[in-house]
Amino acid sequence: MRVAITGAAGFLGSHLVDRFLAEGCEVVGVDNFITGAPTNLAHLEGHPRFRLVDHDISRPLYLGTKLDGVLHFASPASPVDYLELPIQTLKVGSLGTHNTLGLARKHRARYLLASTSEVYGDPLVHPQPESYWGNVNPVGPRGVYDEAKRFAEAMTMAYHRAHGLDTRIVRIFNTYGTRMRPGDGRVVSNFIVQGLRGEAMTLYGDGSQTRSFCFVEDTVDGIFRLYHSGCIDPVNVGNPDEFTIRELAGLVMKETGSSAGPEFLPLPVDDPAVRRPDIGMARRTLGWSPVTDLREGLRRTVAYFRRLVEEEDVRPRTLGGT
Ligand code: NAD
Ligand code: UDP
């Protein structure tokens, strides 16, 4: 089996490449390194079943070799990134999705779209089941990411209905772990880097907003199972254990041994107040649920970042807020 994975040099994409290779597949990685880095794939140099194509997937891609699967993971994903790259984010979610669907159709390959919990916006239903249509501000700053993913889901279903393409849609909730960029700007990497540097953790708003954090190995396992399932409808993949951002800061302080107090910064526009997946569908149809709790996942992630902080002058990246 040969699959193409876009966003292969990113955080999730690189772990997914490893998983497909470990299962014996050939993998063609596609990336333009806008938010990812070839170093995430450095361990695969010379691997006989892996190759990396440097390409912006918002432009069409023609691959000569036969593909059995296409997994579209390319997109800026950290709010700091997509707010800095609004047009690229809209393009990769719309044109990039169209191009990868076209690639899958040409090869009669299975297609999997990386969607997101952000399709639920600032949710009015809690926890969020797949049947919830969401509460998204299309013209707010986060709309560039949320609406691109909502369009991508609609386009994927249209290819399924109109062309009979064999499609899957995964709605991924906040995932963290090794290979996140130290300057990625998401909360887990920011707090860990700040903790390890003995700096104040930057809490946006009063830190009472919630997220539900899933360790990368669990997320990748859920995605892999979905890919091999027969499930056409979108499926939530995430960890239902919900924490306030203030609680997260406390846990990261413990794991990093930091005693610096918090620094409060303005809450970003349209920052969801709560987020927690209903994973009933994943449990029933994929036999999947996460196995790594937040403390254990943080321990492993902190160990990864500790090495980076010791080796280089790595910095967190914060959002000013408006
Ligand atoms: P990431 O920024 O680490 O990786 C994204 C990768 O896509 C990068 O390597 C980047 O260079 C590449 N890319 C972006 N635009 C591209 C383009 N036009 N052409 C080719 N490559 C391009 O982010 P991530 O956390 O690994 O997210 C991967 C996917 O999973 C994204 O689609 C994201 O929306 C989705 N997702 C992630 C999370 C999460 O918690 N990590 C949650 C929900 C959804
Ligand atoms: N956040 C924070 N400090 C930071 C980065 C993020 O308090 O340095 C908050 C942010 O406002 C949000 C939550 O942490 O409520 C998760 O943010 P992240 O950027 O990781 O992803 P999101 O879930 O918002 O896409």
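Refer to the structure presented above.
Residues numbered from 1 in each chain as written. Chains lettered and ligands numbered in written order. Predicted model: local features only at pLDDT ≥ 70, side-chain atom pairs only at ≥ 80, totals over all residues. Heavy atoms only, no water.

1. Let's talk about the packing of helix α5 (residues 187-196) against helix α9 (residues 294-311)
Rules: Lines fitted to C-alpha atoms define the axes here, with helix axes fitted over just the stretch in contact, and angles between the N-to-C directions of these axes take values from 0 to 180 degrees. Strands are runs of DSSP state E lasting at least two residues, helices are runs of H or I lasting at least four, and both sets are numbered from the N terminus onward. For classification, angles of less than 35 degrees are called roughly parallel, those exceeding 145 degrees roughly antiparallel, those between 65 and 115 degrees roughly perpendicular, and all remaining angles oblique. Handedness of a helix crossing follows the sense of rotation of the near helix relative to the far helix, less than a right angle counterclockwise being left-handed and clockwise being right-handed. The criterion used for residue contact is that any of the two residues' heavy atoms lie within 4.5 Å.
Following both chains from N to C, one finds α5 and α9 inclined at 60°, their axes separated by 10 Å at the closest point. Relative to α9, the element α5 lies oblique. Two packed elements cross with a definite hand, and for α5 against α9 that hand is right-handed. Residues Val-188, Ser-189, Ile-192, Val-193 and Leu-196 of α5 pack against Leu-298, Thr-301, Val-302, Phe-305, Arg-306 and Val-309 of α9.

2. Observations concerning the pairing of strand β1 (residues 2-6)
Note the cut-off: Buried, partly exposed and exposed residues are distinguished by accessible area as a fraction of the type maximum, computed with a 1.4 Å probe on protein chains only: under 20%, between the cut-offs, and over 50%, respectively. In this description, strands pair whenever DSSP reports at least two bridges between them. Handedness of a crossover: with both strands directed away from the viewer, a clockwise path from the first strand across the helix to the second marks it as right-handed.
For β1, the tally of buried residues reaches five of five residues, placing the bulk of the element in the interior. Across the two faces of β1 the burial is the same, with Arg-2, Ala-4 and Thr-6 and Val-3 and Ile-5 all buried. For β1 and strand β2 (residues 26-31), the ladder comprises five bridges, and the chain directions are parallel. Residue pairing for β2: Arg-2 is matched across the bridge by Glu-26. The parallel pair β1 and β2, bridged by helix α1 (residues 11-22), forms a crossover whose chirality is right-handed. By the bridge criterion, four bridges tie β1 to strand β4 (residues 69-72) in an arrangement that is parallel. In the strand pairing of β4, Val-3 is matched with Gly-69.

3. Observations concerning helix α4 (residues 143-163)
Note the threshold: Each helix should span, by expectation, one fewer than its residue count multiplied by 1.5 Å.
Along its 21 residues, α4 runs 28 Å from first to last C-alpha, staying within 8% of the 30 Å computed at 1.5 Å per residue. Every buried residue of α4 is accounted for by Gly-143, Val-144, Tyr-145, Asp-146, Ala-148, Lys-149, Ala-152, Glu-153, Met-155, Thr-156, Met-157 and Tyr-159. In this fold, the buried residues of α4 make contact with α2 (79-84), α3 (86-106), β5 (110-116) and β6 (167-172). One or two steps after α4, the chain reaches Gly-164, where phi turns positive at roughly 70°.

4. A closer look at the pairing of β6
Burial within β6 is extensive, with six of its six residues counted as buried. For β5 and β6, the ladder comprises six bridges, and the chain directions are parallel. Bridge pairing links Tyr-111 to Thr-167 in β6. Taking the sense of rotation as the criterion, the β-α-β connection linking β5, α4 and β6 turns out right-handed.

5. Digging into the packing of aromatic side chains
What counts here: By convention, a stacked pair of Phe, Tyr or Trp rings (six-membered ring in the case of Trp) has centres within 6.5 Å and planes under 30 degrees apart, an edge-to-face pair has planes over 60 apart, and any other such pair is tilted. Both a distance and an angle decide whether a charge sits over a ring: NZ of Lys or CZ of Arg must be within 6 Å of the ring centre and within 35 degrees of the ring normal.
Inspection of the entire model under this criterion finds seven aromatic pairs. Sitting over the ring of Phe-224, Arg-19 keeps its end group 4.3 Å from the ring centre.

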